[in-house]
Amino acid sequence: MIDLFAHQVPLEHGLIVAAILFALGFAGVMVRRNILFMLISIEIMMNAAAMAFVVAGSRWVQPDGQIMFIMILTLAAAEASIGLAIVLSLYRKFNSLDIDAASEMRG
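Just so we're clear, the structure is a prediction, and the values are computed from it rather than from any experiment.

Draft legend 1. Spotlight on the overall build of the chain. Helices and strands together make up the secondary structure of the chain, namely 3 helices and 0 strands. Reading the secondary structure of the chain in the N-to-C direction produces α-α-α. Whereas a compact globule of 107 residues would reach a radius of gyration of roughly 13 Å, the chain reaches 18 Å, over 25% beyond that. Its C-alpha atoms put the chain at 65 × 25 × 15 Å along the principal axes. Counting only residues that meet the buried cut, the chain has 22% of its 107 residues in that class. If you take every contact in the chain between residues at least 6 apart in sequence, the share linking residues at least 24 apart comes to 56%. On the chain, roughly 7,700 Å² of surface is accessible, and the fraction owed to carbon and sulfur atoms is 71%. Across the chain, the 6 positively charged side chains and the 8 negatively charged ones have centroids separated by 12 Å.

Below is the structure:
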């Protein structure tokens, strides 16, 4: 009989990779002033959280991690569409994607 769980990624390794991805995304949000790069960094952070859920769910052989992944993926799609609409509005009004210009937006 073939053991399906013999080649599974260890929980610690998956969580370490997720933590590194989350830290890179967080650093991108803190360092960058361009709103487009900030949105990409937020996407990286969401994917890191989703990866942690999937790794934990596979460790305990439960589908909960994959269900949370689908929910995070849905949230990321909504965030991307609303974020890109804000980016287009910001660029049309100020001809810049600098986040400091967003403080001047009204309405």
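This is not the end of the story, as more comes after the structure.
Draft legend 2. Focus on the nonpolar core. Counting 5 residues, the largest nonpolar core consists of Ile35, Leu39, Val87, Leu90 and Ala101. For this core, the secondary-structure elements that each account for two or more residues are α2 (35–59) and α3 (64–94). Not counting residues within four places of it along the chain, the set of residues in contact with leucine 39 comprises Glu79, Gly83, Leu84 and Val87.

Draft legend 3. The packing of aromatic side chains, seen in detail. Scanning all chains against the criterion turns up 0 aromatic pairs. The ring of phenylalanine 37 has arginine 32 lying over it, and the distance from NZ or CZ to the ring centre is 4.4 Å.

Draft legend 4. Structural context of the pattern of salt bridges. Under the definition given, this model contains 1 salt bridge. For aspartate 100, the salt bridge identified is with arginine 33, shortest N-O distance 3.0 Å. You can see aspartate 100 sitting in the segment after α3 and its partner arginine 33 sitting in the loop between α1 (11–31) and α2, a full 67 residues away along the chain. Since its relative accessible area comes to 43%, aspartate 100 is described here as partly exposed. Here arginine 33 falls in the partly exposed class, since its relative accessible area comes to 41%.

Criteria and cut-off values
- Residues numbered from 1 in each chain as written.
- Predicted model: local features only at pLDDT ≥ 70, side-chain atom pairs only at ≥ 80, totals over all residues.
- Heavy atoms only, no water.
- Helix = DSSP H or I, 4+ residues; strand = E, 2+ residues; numbered from the N terminus.
- Rg over C-alpha atoms; globule rule 2.2 N^0.38 Å.
- Buried < 20%, exposed > 50% of the residue type's maximum accessible area, 1.4 Å probe, protein only.
- Contact = heavy atoms within 4.5 Å.
- Areas by Shrake-Rupley, 256 points an atom, 1.4 Å probe, with all protein chains shown as cover.
- Lys, Arg positive; Asp, Glu negative; His and termini not counted.
- Charge placed at Lys NZ, Arg CZ, Asp CG, Glu CD.
- Core = buried A, V, L, I, M, F, W, Y, C linked by side-chain atoms within 4.5 Å.
- Phe/Tyr/Trp six-rings, centres within 6.5 Å; stacked < 30°, edge-to-face > 60°.
- Lys NZ or Arg CZ within 6 Å of the ring centre and 35° of its normal.
- Salt bridge = Lys/Arg side-chain N within 4 Å of Asp/Glu carboxyl O.

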